[in-house]
Amino acid sequence: MLHIILYAIVPIVVVMLAGYVSGKKGIFTGDDAKKFNKVVLDYALPAALFVSIVQASREDLAKDLKLTLVSLVGIMGCFMAVYFVFRYCFKKNTGADAAVSALISGSPTIGFLGFAVLEPIFGTKPSVALVVAIVGIVVNAVGIPVGLSLMNASLESRQPGSTKKESAWKPVLHALAQPVAWAPILAVVLVLCGLRWPAWASPSFDLIAKANASMAVFSAGITLSAIRFTINTQVVVGSIMKMVFMPLVVLVLGMAAGMDSFNLKMLVVAAALPPAFSGIIIADENNTYVATGTSSLTLSVILFVGFCPLWIWLTDVALKMF
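Keep in mind the model is a prediction, meaning the values are calculated, not measured.

Tell me about the overall build of the protein, and name the residues and values.
Within the protein, the secondary structure is distributed over 15 helices and 0 strands. Taking 20 Å as the expected radius of gyration for a compact globule of 322 residues, we find that the protein reaches 19 Å, a close match to that expectation. Along the three orthogonal principal directions, the C-alpha set of the protein runs to about 55 × 45 × 45 Å. Within the protein, contacts between residues at least 6 apart in sequence are counted, and of these 87% link residues at least 24 apart.

Shown next as structure tokens:
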């Protein structure tokens, strides 16, 4: 546990604090953070996912079928649970507010913190990259399109005079067109086809891939420095559903499905990651639920320092008991 705190949690806190201080001092702004995020999502993360997965074997992918199913059912189940709780338990919220809540508190920030957290704890193995890739695909290629569809439907319903109707498939196609979605899918296809990835090609991807974790965490600190933090009931509920409810659901589903214990531990930690920063970006672009959403993200980041080692310990205890 001390190793996890020193090698996984403390480095994240230090780098994120550096980004936070630089944001407060005006060295970098929220607009700079968006540019850093674009580098991470469009270049560094896709390269890291691709080069890690393409070195796996068909046997590795077959073994991870349960991982894929549990990730899809668990994360999207929690995603919709967050949507319905914030839509119907908080009367002042619109459907758009609830959709943004789901995009934030119903989605782990796997793209930004996945490698930064999992590799120091579990090592630099292809299985780590597969967990990051699978959860990333669920969040980016399934969760975001569903959230955008729900949000757009709500926004359109509030403008009855509008006759413009967007295709329900547009958010899906837009998500799949992003490098963070198609790069891991392409890597999986290459592995399934039995095509061998040449060792000499990996260094060309590794150089940009190594910037993924550090730049993502630093950018997260800048983002947090640009928001106003407040505590209310919705912030607390959102944080609890993200940090407690989601990893618990994934743990129960994974044990019921008989998942490999190593993969299950990684998936639980991935589910316990703070809310997705993409949800904040979407909220800001649509001027919907920005203040509460960003406050929920901030509280969850703080809670993650304690919940990460806690969930690893609870998973070990559960696996030994059952």
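Which residues make up the side chain of Ser127, and what values do they have?
Residue placement: Ser127 occurs in helix H7 (residues 126-157). Owing to a relative accessible area of 18%, Ser127 belongs among the buried residues under this scheme.

Describe in detail the pattern of salt bridges, supporting the description with residues and values.
Tallying each qualifying case throughout the model produces 2 salt bridges. Two residues, Asp42 and Lys38, come together in a salt bridge whose shortest N-O distance is 3.0 Å. With Asp42 and Lys38 both in helix H2 (residues 30-53) and 4 residues apart, the pair spans about one turn of that helix. Judged by relative accessible area, which is 53%, Lys38 ranks as exposed.

Lay out the packing of helix H1 (residues 2-24) against helix H11 (residues 211-225) in plain terms, naming residues and giving numbers.
In the contact formed by H1 and H11, the axes pass within 7 Å of each other and the chain directions differ by 45°. By the angle between their axes, H1 is oblique relative to H11. Two packed elements cross with a definite hand, and for H1 against H11 that hand is right-handed. Residues Ile12, Val15, Met16, Ala18, Gly19, Tyr20, Ser22, Gly23 and Lys24 of H1 touch H11, and the partners they reach there are Ser214, Val217, Phe218, Ala220, Gly221, Ile222, Leu224 and Ser225. Split into classes, the residues belonging to the contact of H1 with H11 amount to 10 nonpolar, 6 polar and 1 charged.

Kindly report on the nonpolar core, identifying the contributing residues and their values.
In this structure, Val117, Ile121, Val135 and Cys308 are the most contacted members of the largest nonpolar core, which totals 86 residues. Sort the elements by how many residues they give to this core and H7 lands first, with 13 residues. Those residues in contact with Ile121 that sit more than four places away from it in its chain are Ile4, Ala8, Cys308 and Ile312.

Can you tell me about the environment of Ile110, naming the residues and giving the values?
Position of Ile110 relative to the elements: it lies in helix H6 (residues 110-122). C-alpha separation for the pair Ile110 and Gly136, spaced 26 residues apart in sequence, amounts to 5.9 Å. Those residues in contact with Ile110, other than ones at most four positions away along the chain, are Val132, Val135, Gly136, Val139, Ala270 and Leu273.

Conventions we followed
- Residues numbered from 1 in each chain as written.
- Predicted model: local features only at pLDDT ≥ 70, side-chain atom pairs only at ≥ 80, totals over all residues.
- Heavy atoms only, no water.
- Helix = DSSP H or I, 4+ residues; strand = E, 2+ residues; numbered from the N terminus.
- Rg over C-alpha atoms; globule rule 2.2 N^0.38 Å.
- Contact = heavy atoms within 4.5 Å.
- Buried < 20%, exposed > 50% of the residue type's maximum accessible area, 1.4 Å probe, protein only.
- Salt bridge = Lys/Arg side-chain N within 4 Å of Asp/Glu carboxyl O.
- Axes fitted to C-alpha atoms, helices over the stretch in contact; angles between N-to-C directions.
- Parallel < 35°, antiparallel > 145°, perpendicular 65-115°, else oblique.
- Left-handed = near helix turned anticlockwise from the far one by under 90°.
- Nonpolar A, V, L, I, M, F, W, Y, C, P; charged D, E, K, R; others polar.
- Core = buried A, V, L, I, M, F, W, Y, C linked by side-chain atoms within 4.5 Å.

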